[in-house]
Amino acid sequence: GNLGDSQIEFDLDIADTLVRLHLPANLFCIRRILSSSDDTVELHVSEQGIMVRLGPFDYCAFRLESTLSQLSTVEPEALYKVVSEASSFIPKIRLSDASMCMPTARPVVVEWKQSSKSGFSVVYGSFTKWKHGILLPPAVDVSGQGANKAGPYANLLYLPSGMHECKFIVDGVWTCSKEMQLKHTNLPPTDGMNNNMLFVDALDSKDVLYNQDQQLASTWHNRVMEEIRYFKSVHKSEVTSKNLLVPHLFTWVANSPGLSALPRAAVGSSDEGIVSPPRRVLLSGSFDGWKELYPLAYSSTGKYYWVVLHLPLGVYYYRFLVDGVWCISLRDQNETDQTGFCSNVLQL
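Summarised in this report is the structure supplied together with it. (Residues numbered from 1 in each chain as written. Predicted model: local features only at pLDDT ≥ 70, side-chain atom pairs only at ≥ 80, totals over all residues. Heavy atoms only, no water.)

### Here we look at the nonpolar core
Heads up, the rule is: By convention a nonpolar core is built from buried Ala, Val, Leu, Ile, Met, Phe, Trp, Tyr and Cys residues, the set being connected through side-chain atoms within 4.5 Å. Exposure is judged per residue with a 1.4 Å probe applied to protein chains only, and the accessible area is read against the type maximum: over 50% gives exposed, under 20% gives buried, and values in between give partly exposed. Numbering of helices and strands runs from the N terminus, with a helix taken as a DSSP run of H or I at least four residues long and a strand as a DSSP run of E at least two residues long. In what follows, a contact means two residues having at least one pair of non-hydrogen atoms within 4.5 Å.
One finds Phe250, Leu283, Phe287 and Leu309 to be the most contacted residues of the largest nonpolar core, which totals 40 residues. At the level of elements, β9 (121-125), β11 (153-160), α4 (206-232), β16 (246-253), β18 (281-285), β21 (304-311) and β22 (315-322) are the ones that each hand at least two residues to this core. When residues of this core are assigned to their parent elements, the largest contribution, seven residues, is made by β21. Once you skip the residues sitting within four places of it in the chain, Leu309 turns out to touch Tyr158, Val246, Pro247, His248, Phe250, Leu283, Phe287 and Tyr294. Judged by nonpolar contacts, the second largest core, of 16 residues, contains Val110, Tyr153, Phe168 and Val170.

And the structure:
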């Protein structure tokens, strides 16, 4: 509503609404429920949002509605063209541009190189919103049994490019690493006002990023699997009490059946899955609001693509981007929402 005596104009961001509805941007419409005037109240809808123009003392109420029911009678080929060429698909990536996508999160090793009497350390940071810690296990034994307590303690994380802040808990004490850049160089690492700075640079070439991810993942595979086994042996109450993120292994098995995440009407009625070995596999999910694309590395021994993300306990929805096609894995639990879009489901 407009409580003033002059005309106002503003934009409404519909991204959050579309994420909740799992709808492409062109598969919705605005229905005006009531307004003070048909002449001075204007609504204009685009993929970027809703533009609202209200005259003096005007008001308006409207509703966002799905048009999928209207499109159900359209031929599958025509509907697929509508979805793929004219829509923004969750997560905010055009279907027609999906094959051009590169990962937005990069593998980064976060390390505490000094000693720890407890046999492990924990890192908090802006990348966990300072709410949760990530366990940094020793090189020998993730549980600390017989590990080298002189360090180093490290973990492989996937972070978006940019500047991040972090801090460590070692033997119950908050501190900063002397080997990393300090936010305040005039303050000691143990000062409560100080943090470490972690810069993740962006790469222009997706081939360089994939190669880097493949090299790091190959080195870290056994270590992260050990961490996952350790967390499986720990009761959830202990994880909650320590505010730790839980490592979870996401996999896409080569030559395994997969299914397009698009509504059936958009891809036809065939039940044939995607079975050919992919070149590139990415992951996106509700655990970060569908913001990032995580690269999956290939394990030649297990014949699968994998990535380990550290997540809070909860329920999450996710999809794979396999050679430019949004898919779900039929090996994992999945659901189809009321609009026909499919997602895999994870409950930690």
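### Focus on the layout of surface pockets
Selection criterion: Put simply, the grid is 1 Å and covers the protein atoms alone, a cavity is a trapped set of points that fit a 1.4 Å probe, a pocket is an open set with protein on both sides within 12 Å along at least five of seven lines, and lining residues have an atom within 4 Å of a point. Grid points are joined across faces, edges and corners, and a volume is the space filled by probe spheres set on the points. Charged residues are taken to be Asp, Glu, Lys and Arg, nonpolar residues to be Ala, Val, Leu, Ile, Met, Phe, Trp, Tyr, Cys and Pro, and polar residues to be all remaining types, Gly included.
Of the pockets and cavities examined, the largest pocket occupies roughly 710 Å³. Looking at the largest pocket, it is lined by 25 residues, and the ones nearest its centre are Phe127, Thr128, Phe287, Asp288 and Tyr294. Take the lining of the largest pocket: its biggest share by element is five residues, from β11. Broken down by class, the residue content of the lining of the largest pocket amounts to 15 nonpolar, five polar and five charged.

### Remarks on the pairing of β11
As a reminder, the rule being used: Note on pairing: DSSP must find at least two bridges between two strands before they are called paired.
Counting buried residues in β11 gives seven out of eight residues, a clear majority hidden from the surface. Note that strand β8 (residues 105-112) and β11 share eight bridges and pair antiparallel. Note that in β11 the partner of Trp112 across the bridge is Tyr153.

### Digging into the sheet that holds strand β20 (residues 297-299)
The criterion, for reference: An axis is simply a line fitted to the C-alpha atoms; with a helix, the fit covers only the stretch in contact. Between two such axes, the angle follows the N-to-C directions and lies from 0 to 180 degrees.
Strand order in the open sheet made by the three strands is β16-β21-β20, with antiparallel pairing throughout. The open sheet has two free edges, formed respectively by β16 and β20, since each of these has just one partner strand. Direction aside, neighbouring strands of the sheet carry axes that sit 40° apart on average. Where β20 and β21 come together, three bridges link them in antiparallel fashion. Looking across to β21, one finds that Tyr298 is bridged to Tyr305.

### A short note on the pairing of β21
In terms of burial, β21 is largely enclosed, as eight of its eight residues are buried. The hairpin turn running from β20 into β21, its antiparallel successor, is four residues long, and Lys303 in that turn takes a positive phi close to 60°.

### Section: unusual backbone geometry
Phi angles above zero are rare outside glycine, and Lys129 is one such case at about 60°. Within the fold, Lys129 resides in the loop between β9 and β10 (134-136). For Trp290, which is not glycine, the phi dihedral falls at a positive 60°. Counting through the fold element by element, Trp290 comes out in the loop between β18 and β19 (294-295). What makes Trp290 buried here is its relative accessible area of 4%.

On their own, these measurements won't tell you what the molecule is for.
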